[in-house]
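# Coordinate analysis (summary)
Take a look at the letters that make up each chain.
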Amino acid sequence: MSELCLRWRSSFANHENRFVLGDEEPVSNEHVVVMPPRQSDARRTGAIADLGLSQDWLARAGLRVGGWYPGRLVAAAQGPLGTLAAAAAVRVVALDGGELTLDANPPLAGAEVVASRPPPDEPRVREWLGFGPGLEAVDDIAAAFEPGATHLARQDETDDALFYAAPRMVHHIDSDARTRIAALYAHWIDADAAVLDLCSSWVSHYAGGASPFRSVTGLGMNARELAVNPQLDTWVAHDLNRDPVLPFDAASFDAVTCTVSFEYLRDPSAILTEVARVLKPGGRFVNTFSDRCFPTKAIALWAVLHPFERLGFLGASYHRCGLFESIDTVTIHGAPRPPDDDYFGQIPNADPVFAICGRRVA
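Residues numbered from 1 in each chain as written. Predicted model: local features only at pLDDT ≥ 70, side-chain atom pairs only at ≥ 80, totals over all residues. Heavy atoms only, no water.

Now for the overall build of the chain. Along the chain, the regular secondary structure elements total eight helices and 15 strands. Counting every position in the chain, which comprises 362 residues, the buried fraction comes to 52%. The contacts in the chain between residues at least 6 apart in sequence include a share of 70% that link residues at least 24 apart. About 16000 Å² of surface is accessible on the chain, with carbon and sulfur atoms providing 54% of the total. (Helix = DSSP H or I, 4+ residues; strand = E, 2+ residues; numbered from the N terminus. Buried < 20%, exposed > 50% of the residue type's maximum accessible area, 1.4 Å probe, protein only. Contact = heavy atoms within 4.5 Å. Areas by Shrake-Rupley, 256 points an atom, 1.4 Å probe, with all protein chains shown as cover.)

Here you go:
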């Protein structure tokens, strides 16, 4: 299948956004598309009362400084914010008492984007371009990805050992997403690598039936799941929310992967520090996720963030801890849902893929 592919750089990473178009779509040579420059006059401040927006509405909408929201959320706005409402995405710059400040610069404003072809004029791609690529970049709004104690809490704070006590021999993402994640791991990780599969289970999402790497160690919650995983050479059952210290020596691994699980970890900063400790200098930490999860066990911040912003949260976390460099992100959308999936015929598109890879600072 052909893809529309955007490549661009933010202040902290290289980004690639891919949208699967289908077999019938031709693909042209790559060319640079310069997005509209950032406009300072695209920022407006207005009184909440004048907009007809109550404090209750703001609380229900969960607005936060630095967050991106569909322009339609304020489509009824009048006065100083009215001209911004037509934008596909607006960002909250400030929320100060009775005043709301929004910025309607497009997410990719000012970026030089290398595109694989001109964007096709179809609604699903326009929607993706208007409220997707660019939201994962970190900019001058420092509060955007600063999780506090509340954002790291979860709806269900009962012992994780109880939640994961019974084995779940089911896939949590569809086969298209699993195949694409396996391809990303193969792209970023050498075949002779010693790999740690963090938050592992009965499958490890690597290509092939057996381990494609020199060795794979699994760390997960359920011993019965880990014991039947054909891609693991060895494994250990360990609760990272009870004890974030990884039971491995420093510089033990060439790569660490975490598949559709990082959102369940209560102390992301501690996990990043530990991953960096057990990685060899130059080793890679690859995180992948989709838009499906156990919502009661995910940190509250996950529910607040747009899926592209979740990638921004991970990118900001990698960058700010100072232990990772050469950060790359990839997003993949638009593929048709595979016929073997339970939701085939109900949901048209396959589960999206979000991925980030960073190298351990030497």
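What follows covers the pairing of strand β8 (residues 112–115). Burial of the side chains of β8 is restricted to one face: Val113 and Ala115 are buried, whereas none of Glu112 and Val114 on the reverse face is. The pairing of strand β1 (residues 2–9) with β8 spans two bridges and is antiparallel. Note that in β8 the partner of arginine 7 across the bridge is valine 114. Pairing of strand β3 (residues 31–34) with β8, which is carried by four bridges, proceeds in the antiparallel orientation. Counted as the bridge partner of histidine 31 is alanine 115 from β8. (Pairing = 2+ DSSP bridges.)

Turning our eyes to something else, we now look at the sheet that holds strand β4 (residues 43–47). The strand order β4-β7-β6-β5 describes an open sheet built from four strands, whose pairing is antiparallel. The open sheet has two edge strands with one neighbour each: β4 and β5 (68–70). The mean angle between the axes of side-by-side strands here comes to 35°, regardless of whether they run parallel or antiparallel. Strand direction decides the pairing type here: β4 and strand β7 (residues 99–103), joined by five bridges, are antiparallel. Directly across from arginine 44, in β7, lies its bridge partner leucine 102. (Axes fitted to C-alpha atoms, helices over the stretch in contact; angles between N-to-C directions.)

Our focus in this paragraph is the pattern of salt bridges. In total, this model carries 21 salt bridges according to the counting rule given. A salt bridge links arginine 18 to glutamate 3, with the nearest nitrogen and oxygen atoms 3.0 Å apart. Within this pair, whereas arginine 18 is found in strand β2 (residues 14–22), its partner glutamate 3 is found in strand β1, the two being separated by 15 residues in sequence. You can call arginine 18 buried: its relative accessible area is 17%. (Salt bridge = Lys/Arg side-chain N within 4 Å of Asp/Glu carboxyl O.)

Here helix α8 (residues 307–321) is 15 residues long and its end C-alpha atoms lie 22 Å apart, about the 21 Å a rise of 1.5 Å per residue gives. The buried fraction of α8 amounts to 11 of the 15 residues, a majority that puts the element mostly inside the structure. The set of residues buried in α8 consists of Phe308, Glu309, Arg310, Leu311, Gly312, Phe313, Leu314, Gly315, Ala316, Ser317 and Tyr318. Just past α8, the residue glycine 322 takes up positive phi, approximately 75°. (Expected span 1.5 Å × (residues − 1).)

Let us look at the pairing of strand β6 (residues 89–96). Here β5 runs beside β6; their pairing, made up of three bridges, is antiparallel. Bridging across to β6, tyrosine 69 finds its partner in valine 90. In the sheet, β6 pairs with β7 via five bridges, with the strands oriented antiparallel. Bridge pairing links aspartate 96 to glutamate 99 in β7. Connecting β6 to the antiparallel partner β7 that follows it, the hairpin turn spans two residues, and glycine 97 within it adopts a positive phi of roughly 60°.

What follows deals with unusual backbone geometry. Positive phi is not limited to glycine here, since histidine 205 has a value of about 65°. Positive phi outside glycine occurs at alanine 251, with the angle close to 55°. Looking at the secondary structure, you find alanine 251 in the loop between β11 (234–237) and β12 (253–259). What makes alanine 251 partly exposed here is its relative accessible area of 36%.

Turning next to the side chain of serine 175. Counting through the fold element by element, serine 175 comes out in helix α4 (residues 175–188). With sequence-adjacent residues up to four places away left out, serine 175 is seen in contact with Pro338 and Asp340.

To continue, consider the packing of aromatic side chains. In the structure shown here, the tally under the stated rule is 14 aromatic pairs. When the ring of phenylalanine 285 is compared with that of tyrosine 318, the centres are 5.5 Å apart and the planes differ by 5°; the resulting orientation is stacked. On the criterion of sequence distance, the pair formed by phenylalanine 285 in strand β13 (residues 279–289) and tyrosine 318 in helix α8 is long-range, its members being 33 residues apart. Note on tyrosine 318: relative accessible area 0%, which makes it buried. Among the aromatic residues, those joined into a ring-pair cluster are Phe163, Tyr164, Tyr264 and Phe294. (Phe/Tyr/Trp six-rings, centres within 6.5 Å; stacked < 30°, edge-to-face > 60°.)

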